[in-house]
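# Summary of structural features
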Amino acid sequence: ESDAGDYTCVCGDEESTASLAVHALPVLFKEGLKNEEVQEGASATLSCELTKEAPVKWKAGPKVLQASDKYQMRQSGTSVELVIHCLEVKDA
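Analysis parameters
Residue numbers restart at each chain and count upward from 1, following the sequence in its written direction. Restriction of local features to residues with pLDDT of at least 70 applies here, the model being predicted, together with a cutoff of 80 or more for giving and counting side-chain atom pairs; totals for whole chains, interfaces and linings are based on all residues. Each side-chain value is worked out from all heavy atoms of the structure, with water and hydrogens disregarded. UniProt positions are given in the numbering used here, feature names are shortened, and annotations may be inferred rather than shown by experiment. A run of H or I in DSSP becomes a helix once it reaches four residues, and a run of E becomes a strand once it reaches two; helices and strands are each numbered from the N terminus. At least two DSSP bridges between two strands are required for those strands to pair. We define a nonpolar core as any set of buried Ala, Val, Leu, Ile, Met, Phe, Trp, Tyr and Cys residues linked to one another through side-chain atoms lying within 4.5 Å. Residue exposure (1.4 Å probe, protein chains only): buried if accessible area is under 20% of the type maximum, exposed if over 50%, otherwise partly exposed.

The next point concerns the UniProt feature "domain: Immunoglobulin I-set" (unreviewed entry) in the chain. Mapped onto the present numbering, the UniProt feature "domain: Immunoglobulin I-set" (unreviewed entry) falls at residues 29–91. The annotated region residues 29–91 carries 0% helix and 41% strand content, and the separation between its end C-alpha atoms amounts to 24 Å.

To continue, consider the pairing of strand E7 (residues 71–76). In this structure, E7 lies alongside strand E8 (residues 79–84), joined through six bridges in antiparallel fashion. Pairing of arginine 74 across the sheet is with glutamate 81, part of E8. Connecting E7 to the next strand, E8, in antiparallel fashion are two residues, including glycine 77 with a positive phi near 65°.

In terms of nonpolar packing, the biggest core is built from eleven residues, these being Ala44, Cys48, Leu50, Ala54, Trp58, Leu65, Tyr71, Val80, Leu82, Ile84 and Leu87. For this core, the secondary-structure elements that each account for two or more residues are strand E4 (44–50) and E8.

Structural data, given as structure tokens:
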């Protein structure tokens, strides 16, 4: 529910009304991704923290990743993670 709208102070027969607008803060990275070095065949977890809860998408180069046996995306509140399973040299 939005807090924006008209608010009125009433005193007897007198009243005063004001309009309140609420501007959303942008979503920023509180903690960004960090470089990882992992052995071939292992799994890697890339994680970051947002300043507020928001949907994200993950990309490898220009390609947008989809959840699969290879890629697992997790999000809990402002924490987001990408797990890459069965790493190959070409995944670097």
